[in-house]
Every structure is written in structure tokens, then in C-alpha cells.
Amino acid sequence: MSRMLRFIHAADLHLDSPLRGLQSLPDVLQERLEQGVFRAWDRLVDLAIQVEADAVLLSGDLHDSTHRSLRAVWRLERGMKRLSENGIAVFIIHGNHDPLTEEERWSWPSGVTVFGTDEPSCHLIYDRSGKPVAVVTGMSYGQKAVYDNIALHYPDQPERHVKESLQAGERVGDGNRMASSERLYRIGMLHGTVDGRAEHDPYAPCSRGDLIRKDYDYWALGHIHKREVMQEQPYIVYAGNIQGRHIKETGAKGVYVVDVLEDGTSELVFHPLDDVRWFDESLSLQSIETKQELLESMFASIEGLRGTDRLSCARLTLIGSTPLHSELKRGRLASELEEAWREAERLRLEEGLDAVWPIQLRIHSQAVVDMGAWRESESFAGELIRMTDNVCESDEAVDELIQEALLTLGGNAKLQQWLGSQSIEVRRKWLAEALVLAVDMLQGEEQLT
């Protein structure tokens, strides 16, 4: 089946945003990191031209704050000009990080549509022959914090709103007609929070049901930096940001290329654009007994993170029981491992190769403890294990013990809120880890009997 429309859904460019959490960087990486988000934007423009997109949708937060640096605006405008020169329409809504105020309005090239702040508005998208094939609806933030459910104000029949400025059947494009009863492919652009997100500010909050009831075909969402296809009929999609900025924004970042077929169905393909990629990985120490094995295992983990023409930044956490626990706990061995990692990447950079730069090497190791033997022993450690076993028979008892342990921190509202969001499985894991730590400390003072 032939394609009727192709558009790119992108969001959260944050062109002014610096990458954070990087220290002790070689000079060769400094400029790479400063330019990372701009390179991602250039790749977006290149991609749109390469795939011959009909439109690019930018769903908010093009900048990182109400202060737009001229450098960022210039880079953005340069990309817009290239899109315009290639006949690609651009549609922009502004979000909480780049609210559209009078003093921040900018004159963009032809073919760029910026949605206003007073109410949602509707615009047509044309194919390369000039035929209207879709209608896109959106609304920008006029201030940083918008707590109203603005999705409720999006029109149920956006074609009718377009026709308020066009007489029914008026000639549009290069001679194609828009019939008065025609239903076009409907796109909604929204920068906001769908179905709540505990870790994000609830800007423009709405439910999935609110969006479904509008009878649109595709909701191009922004604000959440982790890409997610929340639903397919209709499509409700977060594109995520185009460049991860710190260790909490891991994995590939980019955009969706959306093809709309003649029967109105949609096909999505994700395209990574990031120039710097963040990883948060773990390495099991379970079968590692020597420093050589540990070093080799660490380098093997790092090797798996390498990418072509991309800088990788990684945090590696060592977990599990190992005879090396005491040395790792004292800190010197961990420092030597991190320095070996950093030195290996410096040598690769000198050779013009890609790098996996260390952000942090965390130690969450445990001592090798024979819990079974201690459990059967007549010792304080054995009694402690048996008491903990009894506690773990009841979810309520586990919760009560943790609350008692944190009693002195009970006045911390944020801590209590965070604790309340943790599952019983996570709480049991805490208790198990604390028990191993306690028995490890005790086995230096006691003997198995």
C-alpha cells in the first residue's frame, strides 16, 4: 500500500542544555560534549531531508530555559532554513522550558508554524503534490508552569476549525480541493504529562482516555525524556529527547519517522540521533576471585558499550559476593580499576578511536558469607539470621522493621513519600543486603560452631 504522508516526531531538543556529570575529561572530549546536542539537531535535519519527510513536528522544549542563547537560536534557525529549502513543513509547540512569551518570539523561515498560547489551533499538512492529507492541532505554553488539562480544549473535529478560515471546498495547495465533509489524518501535538509521572512535574496533565476520546490518529507528545509508545490505536507517543544529558538519561535517543498509509494506518520507525550516549551498567562479581579476573571482566563489559561515531559515557556498578570485597570496600582497588579504565580510553582517543568514558565506578559488592552455615550455628550471627527469617514471613513485619530502623528520619516528608513508592520486593532486598552486611561484620568477631 502506498504512503500518503511521512512526518518526523521529535521533542525536548534542549539546545541550550549542557551535558552534566563528567569530570577529568581530556581536551579532545570537551568540544565534543559541548556540541553534542547541536550535532543531534543537525542529524535530525539531515534525516528529514534524506527520508523526504513532508513535515517535522517539534513537541516543545526546543531550549533549556526562558533564556535562549543566540548561538542555540541561530543553530535552530539554520536547520529550519534547510528544511524550508527542501519543502519540509515544521510545526512547533513551546513547553515549560521554552514558554512562548512576547519578548522571546522569533521570526522563522517560511514553512515554519508556531502554535499560539491562547487556545489550540489547527493547520493543514500537505503532501508533495500540494494535497491536504492531515490536520495538526497544538498549543504552546505562555508561561513556565501550566497545570490545566489543555488537551480537553483540543477540538473533536479539527477539520472544521481549519475550514473556519477556508470556505468549504476552496482550492488549496496547487489546485487540490478539500471537500467539506472530508476527514483528514489527525495529529495532536501536546507537551504534558499523560497518566501521571511521579518523577516529573505534572504540566498539562491529562489521561490516556482524554486523548482517545478526541478521536485523533496520532498524539505527538513531549515533556517526558524517555521514549514510549503508550498506545497504538490511536498512537499516543513520547518521542523522548534527541540527546541524553546525564546518567539518568540512558540509552539511544532520537526521533520517530512516521509513515501514514493510504488506508490511514501508521508505521513507526525509531531513528537514533545522539552523539553522546549514556550507560548505567552492572557487573556481577559472583565468579570473580582475583584482581586479574576483575580487570578483564571490567574491560569486557566496557567493550560491549562501544558505538560507531559516538562517544559513550558509562557508570559501572560492581555487585555480588567476592573474596575481593574487603579490598574494594577500602577504596584503593576501586580507584585503581577506574584509573586503568580511564587510561585505556585515553589511549583509544589518541589513536582516533571511539571511547567509553568512565562516569563512575560504584562498589556494591558483598563479602563471601556462608549464610547456611551461620544459620545453623549457635552464635549471635546465627540467631540474627533466624530472627530475620521470621520477620520475612510477614510483609507487615518487614515494613515495621524498616520503619523502626529509619525512625530518626521519620520527619523527612520526601523520604517517607519515596519509601511509600517502593514495593515489598525492594524492601525485602534491602533487608537481605543488610543481613549479609551484618553477618560479614560479625564473622570477624565470631567463629562458626
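These lines cover the structure that appears in this document, whether it is placed above or below. (Residues numbered from 1 in each chain as written. Predicted model: local features only at pLDDT ≥ 70, side-chain atom pairs only at ≥ 80, totals over all residues. Heavy atoms only, no water.)

In this section: the pattern of salt bridges. Taken as a whole and judged by the stated rule, the model has 32 salt bridges. Across the pair Asp259 and Arg6 runs a salt bridge whose closest N-O atoms are separated by 2.6 Å. With Asp259 in strand β13 (residues 254–261) and Arg6 in strand β1 (residues 3–10), the pair connects residues that are 253 residues apart, well separated along the chain. The same class applies to Asp259 as to Arg6, namely buried. With a shortest N-O distance of 3.2 Å, Asp195 and Arg208 are connected by a salt bridge. With a gap of 13 residues between them, Asp195 in the loop between β9 (185–191) and α5 (208–212) and Arg208 in helix α5 connect regions that are remote in the sequence. What makes Asp195 partly exposed here is its relative accessible area of 41%. The network of salt bridges with common partners includes Glu159, Arg183, Arg186, Asp215 and Asp217. (Salt bridge = Lys/Arg side-chain N within 4 Å of Asp/Glu carboxyl O. Helix = DSSP H or I, 4+ residues; strand = E, 2+ residues; numbered from the N terminus. Buried < 20%, exposed > 50% of the residue type's maximum accessible area, 1.4 Å probe, protein only.)

On to the sheet that holds strand β11 (residues 228–232). Strands sit in the order β5-β6-β9-β10-β12-β11 across an open sheet of six strands; the sheet is mixed. The open sheet has two edge strands with one neighbour each: β5 (121–126) and β11. For this sheet the average axis-to-axis angle between neighbouring strands, irrespective of direction, equals 20°. Here four bridges tie strand β10 (residues 218–222) to strand β12 (residues 235–238), and the two strands are oriented parallel to one another. Paired with Leu221 across the strands is Tyr238, a residue of β12. (Pairing = 2+ DSSP bridges. Axes fitted to C-alpha atoms, helices over the stretch in contact; angles between N-to-C directions.)

Turning to the sheet that holds strand β17 (residues 356–366), a few remarks are in order. Spatially, β15-β16-β17 is the arrangement adopted by the three strands of the open sheet, whose pairing is parallel. Pairing within the sheet leaves two strands with one partner each, and these edge strands are β15 (276–284) and β17. On average, adjacent strands in this sheet sit at an angle of 10° to one another, irrespective of strand direction. Bridge count between β15 and strand β16 (residues 311–321): nine bridges; the pairing is parallel. Bridge pairing in β16 places Asp280 opposite Arg315.

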